[in-house]
Amino acid sequence: MKVTWVRWLLGVFVLTLVGCSTADNEMAGGNLKAVNHTLHAINWFSVNGYRAYGGGGSSCCIVMPTKWRPGLKAYIEWEVDTDQFAYSKWPSDPEGYRLAQLEHKAKYKHYSATVDIPEWQGTDSCGLSVHFLSCNQIKVTTSCWGYGSPNNPIKEPKRMKEPAVCPK
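Here goes a summary of the coordinates provided. Remember, it's a predicted structure, so these values are computed and weren't measured experimentally.

## Details of the overall build of the chain
Then, number 1: A tally of helices and strands in the chain yields two helices and eight strands.
Then, number 2: Along the chain, helices and strands appear, N-terminal first, in the series α-β-β-β-β-β-α-β-β-β.
Then, number 3: Scored against the burial criterion, the 168 residues of the chain give a buried share of 36%.
Then, number 4: Pairs at least 24 apart in sequence give 67% of the contacts found in the chain among residues at least 6 apart.

## Topic: the environment of G71
Then, number 1: By secondary structure assignment, the location of G71 is in the loop between β4 (56-65) and β5 (73-81).
Then, number 2: According to the relative accessible area criterion, G71 is partly exposed, its value standing at 39%.
Then, number 3: Distance in space between the C-alpha atoms of G71 and V115 is 9.8 Å, their sequence separation being 44 residues.

## Observations concerning the pattern of salt bridges
Charged atoms that come close allow side chains of opposite charge to pair.
Then, number 1: Enumeration according to the criterion identifies four salt bridges in this entry.
Then, number 2: With a closest N to O distance of 2.4 Å, K73 and D116 form a salt bridge. With K73 in strand β5 and D116 in strand β6 (residues 109-116), the pair connects residues that are 43 residues apart, well separated along the chain.
Then, number 3: Put simply, E156 and K139 hold a salt bridge, and the shortest N to O gap is 2.6 Å. Of this pair, E156 sits in the segment after β8 (137-141) while K139 sits in strand β8, and the two are 17 residues apart along the sequence.

What counts as what
Residues numbered from 1 in each chain as written. Predicted model: local features only at pLDDT ≥ 70, side-chain atom pairs only at ≥ 80, totals over all residues. Heavy atoms only, no water. Helix = DSSP H or I, 4+ residues; strand = E, 2+ residues; numbered from the N terminus. Buried < 20%, exposed > 50% of the residue type's maximum accessible area, 1.4 Å probe, protein only. Contact = heavy atoms within 4.5 Å. Salt bridge = Lys/Arg side-chain N within 4 Å of Asp/Glu carboxyl O.

Read these as spatial facts, not as claims about activity.
Shown next, in the form of structure tokens:
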């Protein structure tokens, strides 16, 4: 609980630092969306302390400046389940199932990344969409166009396989 509180404060602090100015420092709420391009399950993710669940869909809310500023960043943390169908192999008795579940949860992987939030014009931000790519790479967009639209800036396909060697 303490770690979550500290992360939330850190997120607010970072957002405040990169968004500080004497003018145009209004903030607004927007949806926090995820698009999973990987073959693994994204159990949850957070952006600057705002937490959401799953690797697809949207969750309310994230607070962002109403006007873009240079240096605006998103600190993203996420949890990955690389064997999301493991439960199908677990014992059916309650105690065996519980133990298998605990062992499985211990194998979840945790990642974090800081990425630039791309520029948007005026009030054309439609919340923040986080795209989870292979090799634990992240892209974000504030585009109002949904994934798959020719106008959406993120073009990577879904269900991307991990390459034999990830770029550094």
